[in-house]
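Residues per chain are reported as follows:
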Amino acid sequence: MIAVKKDKITGDALGTGRRKSSVARVRIRAGSGNFTVNGKPLNEFFVNDQDQRTIIETLEAAGLADKVDMTVRVSGGGMSGQSGAIRMGLARALCSHDEALHDPMREGSFLTRDSRMKERKKPGLRGARRGVQFSKR
């Protein structure tokens, strides 16, 4: 089972998610469905529909889209990495908010860490695998 993380002062549920080089800290409390990311509304921060859907499908699987308020602080990486980190942190926070949500989050693979990272550049190559162009003359 996941260790329950709650804020001792406010009682908010907390969750941390990581994806690529992004880290997201998610805070959930009972409310009306407000979602802020780094002080901006969700649709303002993530202008791409795919990134918004990545996050919203976690709430739909839990059935709490309009019952909780979410505040997120995310840093590092790009937009897709940040949305993936928020997805994982949100799933962890939902599990600490309500233990009954653990199985639906696990079945939707929202709690699984995507371990794919950028491959490092090797010496003598132009990138991770691409070599220099061969010149016959």
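Treat the numbers as computed from the prediction; the structure is a model and nothing was measured.

Caption draft 1: Representation of the layout of surface pockets in the model. Estimated volume of the largest pocket: approximately 210 Å³. Together, 14 residues line the largest pocket, and Arg19, Thr54, Gly84, Arg87 and Asp114 are the ones closest to its centre. Of all the elements in the fold, those that place two or more residues in the lining of the largest pocket are strand S1 (13-19), helix H2 (49-62) and helix H3 (79-97). Per-element accounting of the lining of the largest pocket gives the leading share, five residues, to H3.

Caption draft 2: Structural context of the pattern of salt bridges. Enumeration over the complete set of coordinates arrives at seven salt bridges. Taking the shortest distance from any N to any O, the salt bridge between Asp114 and Arg19 comes out at 3.4 Å. Of this pair, Asp114 sits in the segment after helix H4 (102-107) while Arg19 sits in strand S1; the two residues are 95 residues apart in sequence, bridging distant segments of the chain. The exposure class assigned to Asp114 is partly exposed, which follows from its relative accessible area of 23%. For the salt bridge of Asp114 with Arg116, the shortest nitrogen-to-oxygen distance reads 2.8 Å. Within the structure, one salt-bridge network assembled from shared partners comprises Asp12, Arg27 and Arg29.

Caption draft 3: Geometry of a positive patch on the surface. Side chains of Lys5, Arg18, Arg25, Arg73 and Arg113 sit close together on the surface and give a patch of like positive charge. Relative to the helices and strands, Arg18 resides in strand S1.

Caption draft 4: A look at H3. With 19 residues, H3 extends 26 Å between its outermost C-alpha atoms, agreeing within 8% with the 27 Å of an ideal straight helix rising 1.5 Å per residue. Among the 19 residues that make up H3, 14 are buried, leaving the element largely enclosed by the rest of the structure.

Caption draft 5: How the structure looks around the environment of Val74. Structurally, the position occupied by Val74 is in strand S5 (residues 68-75). Residue Val74 is classed as buried on the basis of its relative accessible area, which comes to 7%. Put simply, Val74 and Ser135 are 61 residues apart on the chain and 46 Å apart in space, counted from C-alpha to C-alpha. Ignoring anything within four residues of it in the chain, the contact list for Val74 reads Val23, Ala24, Val37, Asn38, Phe45, Gln82 and Ile86.

Caption draft 6: Main features of the pairing of strand S2 (residues 22-30). Across seven bridges, S1 lies against S2 in antiparallel orientation. Paired with Ala13 across the bridge in S2 is Ile28. In this sheet, S5 lies alongside S2 in antiparallel orientation, the contact comprising eight bridges. Directly across from Arg25, in S5, lies its bridge partner Arg73.

Caption draft 7: Seen up close, the sheet that holds S2. Across the sheet, which stays open at both edges, the five strands sit in the order S1-S2-S5-S3-S4 with mixed pairing between neighbours. Edge positions in the open sheet fall to S1 and strand S4 (40-41), since each of these has one partner strand only. Its contacts with the sheet place H3 against S1, S2, strand S3 (35-37) and S5, and it is angled at close to 150° to S1.

Caption draft 8: Structural view of unusual backbone geometry. For Lys20, which is not a glycine, the phi torsion comes out positive at approximately 50°. Examined against the element boundaries, Lys20 turns out to sit in the loop between S1 and S2. One non-glycine residue, Asn38, adopts positive backbone phi at about 50°. Secondary-structure assignment places Asn38 in the loop between S3 and S4.

Rules used in this analysis
- Residues numbered from 1 in each chain as written.
- Predicted model: local features only at pLDDT ≥ 70, side-chain atom pairs only at ≥ 80, totals over all residues.
- Heavy atoms only, no water.
- 1 Å grid on protein atoms, 1.4 Å probe; cavity = no way out; pocket = protein on both sides within 12 Å on 5 of 7 lines; lining within 4 Å.
- Points joined across faces, edges and corners; volume = space filled by probe spheres on them.
- Helix = DSSP H or I, 4+ residues; strand = E, 2+ residues; numbered from the N terminus.
- Salt bridge = Lys/Arg side-chain N within 4 Å of Asp/Glu carboxyl O.
- Buried < 20%, exposed > 50% of the residue type's maximum accessible area, 1.4 Å probe, protein only.
- Patch = residues over 30% accessible without salt bridge, like charges linked within 9 Å, V, L, I, M, F, W, Y side chains within 5 Å.
- Areas by Shrake-Rupley, 256 points an atom, 1.4 Å probe, with all protein chains shown as cover.
- Lys, Arg positive; Asp, Glu negative; His and termini not counted.
- Charge placed at Lys NZ, Arg CZ, Asp CG, Glu CD.
- Expected span 1.5 Å × (residues − 1).
- Contact = heavy atoms within 4.5 Å.
- Pairing = 2+ DSSP bridges.
- Axes fitted to C-alpha atoms, helices over the stretch in contact; angles between N-to-C directions.

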